[in-house]
Each structure stands twice: as C-alpha cells, then as structure tokens.
Amino acid sequence: MITRRDAPQWVKEAGRAASRNAGRLTSGARMLPDFLLVGTQRGGTTSLFRSLAEHPGVVTPNFHKGVHYFDVNYHRGQGWYQGHFPVRAVARRRATGDGGGPLAFESAGYYMHHPLAPQRIARDLPEVRLLAILRDPVERAYSAHKHELARGFETESFERALELEPERLAGEVDRIRAEPGYTSHSHRHHSYVDRGQYVEQLEALFERFPRERVLVVFAEDFFGEPEPCYDRVVDFLGLARWRPAAFERHNARPRSPMPEDLRKRLTEHFEPYDERLTTLLGEVPAWRR
C-alpha cells in the first residue's frame with residue numbers, strides 16, 4: 001500500500017489542488033484563523049508552530065504550515081483562503097479532551113515584514129490574535145542567508161549580500177504599496193538586515209491591533225526554557241494548559257561561524273533598533289540581556 005508520505009510529488013500536488021478546490025466550494029462551512037503566527041522568518045516559527053499544532057485545542061491548515069494569503073496570495077480572495085482550513089464541524093470533533101478551542105491558526109514568517117499584511121489582517125480578521133517570535137537579529141540575518149542559499153534564492157556571500165541589500169530593496173516597499181498584486185523577490189528573500197529591525201514592524205502591528213491581542217516572545221527564551229514560554233503563549237490564546245511530550249528544534253541549518261568583525265558591525269547597527277524595541281515592549285530583548 002502506498003501512503004501519502006510515499007507518493008510521488010506530482011501525486012501530492014494533485015491531491016493538494018483537489019483539496020483546495022473542494023475547500024473553495026465549501027469555504028462558508030470552514031474556519032478562519034483565531035490567531036496567526038506572523039514571524040519572524042528564521043526566528044523559530046516552525047518549532048513554535050509544531051508545538052502549538054500538537055495542542056488538542058488547535059487545528060491547522062490542510063497540507064501547509066502557512067497559506068501566505070495576506071502577503072503574496074491576497075489577490076486569490078477570502079474564499080480561497082478559508083478553503084485551506086478545516087470544516088467547523090470536523091474541527092470540533094478533532095479538538096480532544098479539555099484543551100479548549102478549537103482554535104485555527106497558520107504561520108507565515110513574512111506577514112510581519114510585508115508592508116500591506118498588517119492592514120489586510122486587521123481588515124479581514126479584526127478579532128484575530130497575533131503571535132510573533134523574535135530572534136537575535138544578527139543570528140537571524142546569518143541564518144536567513146544560509147536558508148536562501150540552500151533554496152537557490154541567493155547566490156552571493158553573506159557579506160556581499162549585506163552590501164547589496166540597500167540596492168536590492170530600493171523602491172520595493174513603495175512599489176508593493178502602489179501595486180498590491182506585486183511580489184518583490186528581493187523584499188521577500190534578500191531582507192537580511194531590514195527584517196531584523198523588528199521595532200518598525202511591531203509599531204505597524206500596534207497601530208492596527210490592541211496591545212492585548214499581540215504577544216511577542218523571544219526565540220532564545222523558547223529554546224532555552226520552552227515550558228514557561230509555551231505556557232505564556234497558551235494562556236495568551238485562552239487555551240487550557242497543556243504541553244507536548246517534547247519540544248524539538250526544527251529547520252536548524254549547520255553553518256560556519258560568522259566573522260567576528262561582521263558580527264560586531266551588525267550588532268552595532270541593530271543596537272538603536274533594539275533600544276527602541278525595549279521601550280516599545282517594556283522588556284529587554286533576550287539577546288541584549
């Protein structure tokens with residue numbers, strides 16, 4: 001017997017396409033997210049997503065961790081988006097025990113950084129809760145470069161990519177705002193420094209959402225001592241206290257050490273942004289403690 005895991009990629013894609021079509025036709029009976037994991041890329045989103053997905057009161061999209069609706073698929077419409085989520089009646093049966101819920105969610109590390117995503121989320125999901133996990137921006141930038149190299153979206157060395165970033169991103173935000181259907185390759189895949197200026201992205205979220213509906217946690221806390229961090233997230237979501245059997249780290253990529261002079265330069269660059277972040281959140285980021 002051939003399982004879905006064993007099936008060829010084209011079979012999987014055909015199954016996903018059929019599921020999306022069926023989902024679109026039944027979108028009115030399906031859930032919309034109660035909360036979103038909005039970022040940041042290479043900040044621990046996959047690890048946090050998987051631990052939350054195990055909670056008995058939570059359901060996720062079919063096939064995908066993230067649908068990327070509010071950043072690069074918004075033109076497809078809400079019916080297409082809602083079609084990715086479980087039917088409400090099925091989700092209620094799936095929610096087991098006294099875990100609360102069911103709550104639906106997805107994760108897309110580009111939502112927090114995309115210039116139009118916050119206002120789209122606020123318009124379409126005005127009651128949604130937002131969860132952001134942030135990581136030392138220096139380490140995040142280096143990890144993102146390794147990730148983009150592996151995916152074929154980057155060909156330059158890390159130092160050269162940093163030199164090219166201002167030129168690559170020049171005018172891209174303005175174009176995204178002017179042409180809502182435009183997808184910027186460089187803004188999505190070459191924003192090594194820009195993505196780590198977290199305070200600017202959080203300010204955009206706080207302009208549209210009450211503070212009590214946005215929770216920011218730090219990857220260093222989650223990976224260092226996951227239990228209290230996870231409890232804090234579960235409490236924020238209004239779910240019953242529950243923990244997975246183990247907290248695992250996903251999508252980590254081995255890499256050579258960053259040159260110390262480059263690390264120092266990046267650390268100095270991010271210092272004023274981290275100071276503003278401290279003021280905004282009322283706590284010192286884990287990587288600055």
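This one's a predicted model, so the numbers in the text were calculated from it and none came from an experiment.

A. Local environment of the overall build of the protein chain. A count of helices and strands for the protein chain gives 14 helices and five strands. When the accessible surface of the protein chain is summed, it comes to about 13,800 Å², and 49% of that surface belongs to carbon and sulfur atoms.

B. Layout of the sheet that holds strand β1 (residues 35–39). Taken in spatial order, the five strands line up as β2-β3-β1-β4-β5 in an open sheet, and their pairing is parallel. Every interior strand has two partners, whereas the edge strands, β2 (58–59) and β5 (214–218), have only one. Two strands pair when backbone bridges link them, and β1 and strand β3 (residues 103–107) are joined in this way by three bridges, in the parallel orientation. Pairing of Phe-35 across the sheet is with Phe-105, part of β3.

C. A look at unusual backbone geometry. Here Gly-39 and Thr-40 are connected by a cis peptide whose omega angle stands at 5 degrees. Inspection of the secondary structure assignment puts Thr-40 in the loop between β1 and α2 (45–53).

D. Layout of the environment of Leu-205. Its place among the elements puts Leu-205 in helix α11 (residues 198–206). Separated by 87 residues in the primary sequence, Leu-205 and Pro-118 place their C-alpha atoms 5.9 Å from one another. Setting aside residues no more than four positions away along its own chain, Leu-205 makes contact with Val-38, Met-112, Pro-118 and Leu-130.

E. Inspection of the pattern of salt bridges at higher detail. In the structure shown here, the tally under the stated rule is 18 salt bridges. Glu-179 serves as the salt-bridge partner of Arg-175, at 3.3 Å between the closest nitrogen and oxygen. Since its relative accessible area comes to 37%, Arg-175 is described here as partly exposed. Residue classification places Glu-179 among the partly exposed residues on the basis of a relative accessible area of 37%. The shortest N-O distance in the salt bridge between Arg-241 and Asp-231 comes to 3.5 Å. Here Arg-241, found in the loop between α13 (226–237) and α14 (260–281), pairs with Asp-231, found in helix α13; they are 10 residues apart in sequence, far enough to count as distant. With relative accessibility at 8%, the residue Asp-231 sits in the buried group. One connected set of salt bridges, linked through shared partners, spans Asp-221, Arg-232, Glu-283 and Arg-289.

Parameters at a glance
- Residues numbered from 1 in each chain as written.
- Predicted model: local features only at pLDDT ≥ 70, side-chain atom pairs only at ≥ 80, totals over all residues.
- Heavy atoms only, no water.
- Helix = DSSP H or I, 4+ residues; strand = E, 2+ residues; numbered from the N terminus.
- Areas by Shrake-Rupley, 256 points an atom, 1.4 Å probe, with all protein chains shown as cover.
- Pairing = 2+ DSSP bridges.
- Contact = heavy atoms within 4.5 Å.
- Salt bridge = Lys/Arg side-chain N within 4 Å of Asp/Glu carboxyl O.
- Buried < 20%, exposed > 50% of the residue type's maximum accessible area, 1.4 Å probe, protein only.

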